[in-house]
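Descriptive analysis of the structure
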Amino acid sequence: MPASFVSSPLDAGRVVASLGPLASRYRIEVHPAIDSTSTELKRRGAAGPIDGLVIAAETQTAGRGRHGRSWVDQPGGSLLFSLGWQAPVAAGSLPGLSLAVGVAACLALERLGIARTQLKWPNDLIFRHCKLGGILVETVNPRPDSVDVVIGIGINVRLEDAARDAVSAPVTDLQAAGWSGSRSELLAAVLSELGPTLERFAREGFHPFRAAWLARHAFQHRNVTIWSSGREIAAGRATNIDDDGALLLETPTGIRRFVSGELTLRPDRAGEPG
Ligand code: BTN
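Residues numbered from 1 in each chain as written. Predicted model: local features only at pLDDT ≥ 70, side-chain atom pairs only at ≥ 80, totals over all residues. Heavy atoms only, no water.

**Focus: the pattern of salt bridges**
Stated precisely, the cut-off is as follows: Salt bridges are identified by distance alone: a Lys or Arg side-chain nitrogen within 4 Å of an Asp or Glu carboxyl oxygen. The way it works is that DSSP assigns letters per residue, a run of H or I at least four long becomes a helix, a run of E at least two long becomes a strand, and they are numbered from the N terminus. Relative accessibility thresholds used throughout: buried, under 20% of the residue-type maximum; exposed, over 50%; partly exposed, between the two (1.4 Å probe, protein chains only).
Within this structure, the stated rule accounts for 21 salt bridges. Residues Arg43 and Glu40 are paired through a salt bridge, measuring 2.7 Å at the closest nitrogen-oxygen approach. Here Arg43 pairs with Glu40, and both are found in helix α2 (residues 37–47), just three residues apart, close to one helical turn. Residue Arg43 is classed as partly exposed on the basis of its relative accessible area, which comes to 41%. Residue Glu40 is classed as buried on the basis of its relative accessible area, which comes to 13%. As a salt-bridge pair, Arg210 and Asp243 come within 3.9 Å of each other at their nearest N and O atoms.

**A closer look at the environment of Pro196**
Considering the arrangement of structural elements, one finds Pro196 in helix α5 (residues 183–204). Each C-alpha atom, one on Pro196 and one on Ala104, is 9.0 Å from the other, the two residues being 92 residues apart in sequence.

**Topic: the sheet that holds strand β5 (residues 124–127)**
One key point about sheets: their strands pair by backbone hydrogen bonds, in either a parallel or an antiparallel sense. Let me state the cut-off plainly: In this description, strands pair whenever DSSP reports at least two bridges between them. Here an axis means a line fitted to C-alpha atoms, over the contact stretch when the element is a helix, while the angle between two N-to-C directions is reported on a 0 to 180 degree scale. Here, two residues are considered to be in contact whenever any of their heavy atoms come within 4.5 Å of each other.
Taken together, the seven strands give an open sheet; going across it, the order is β1-β2-β3-β7-β6-β5-β4, and neighbouring strands pair in mixed fashion. What marks the edges here is a single partner per strand, and that holds for β1 (27–31) and β4 (117–120). When the angles between neighbouring strand axes are averaged without regard to direction, this sheet yields 20°. Sheet strands in contact with α2 are β1, β2 (53–57), β3 (78–87), β6 (130–140) and β7 (147–156), and its direction is about 145° off that of β2.

**A few points about the domain arrangement of the chain**
The following threshold applies: An automatic or database domain assignment supplies the residue ranges for each domain. Put simply, buried area is how much 1.4 Å-probe accessible surface two parts lose in total, over both of them, once they are put together.
Along its sequence, the chain is organised into domain 1 (12–216) and domain 2 (223–265). The gap between the C-alpha centroids of domain 1 and domain 2 is 24 Å. Listed by partner, the interface residues are 14 residues for domain 1 and 15 residues for domain 2. The contact between domain 1 and domain 2 buries some 1200 Å² in all, and 55% of this surface belongs to carbon and sulfur atoms. Counting across the domain 1 and domain 2 interface gives three salt bridges.

Structure (structure tokens):
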């Protein structure tokens, strides 16, 4: 393994030390290998409370992405973790949560000095047009006034070529963004942002995060195509998002609203206004 890929192991003690007083919010477990940190957290949720439980791993054997896709990691070179949150709201009050989590992740990276990370709707982390990380938000144990949320985050820290080749979309890592810190420090930074983000989201929903999200949208005001299940369903200009995180697309037939799907950039055609 080239020297540049040797990274210090994730260390729960270092995460706790970096978190300082905020550490009391979390119980942190680091696993050398696991099927999926999110799957494990869901299993734990079936047995007991998971609020504040953080499951992190050096590698996943069955990492999961959005839309049933798999999530490829670089053993020792990816940040892979899931956080349990008992949201004090009904499951139906969570639209936009994954976008708010995306803002928290960007703020954490910015706090570490990694500027210019962006978001692609709904919640891909992007650096220089390539995917830097992803967020998977799932719910379990719905109750009338609360629900358990499993927030899974994967960030590419140092990818080898084999890991890059295993992913069909263009990917990048934090090394390309000029960052060479430890994953323990990175996990602490993301958890530090997530705590206040989740508290505020529970009180006010997505609205207070909307401007920060739009300021970081990689495709803002760009011509895009929106896909669902591999099929193009609309094309237009990405102009805005709603207070519930829905994408607003300016199309030839007017503004259309989308709550799910995948975005790709549409090459601008000659003569078409930018
Ligand atoms: C996406 O498709 O962009 C979301 C990817 C989420 C990956 C993370 S890695 C940690 C957690 N465990 C998983 O199995 N998935 C999430």
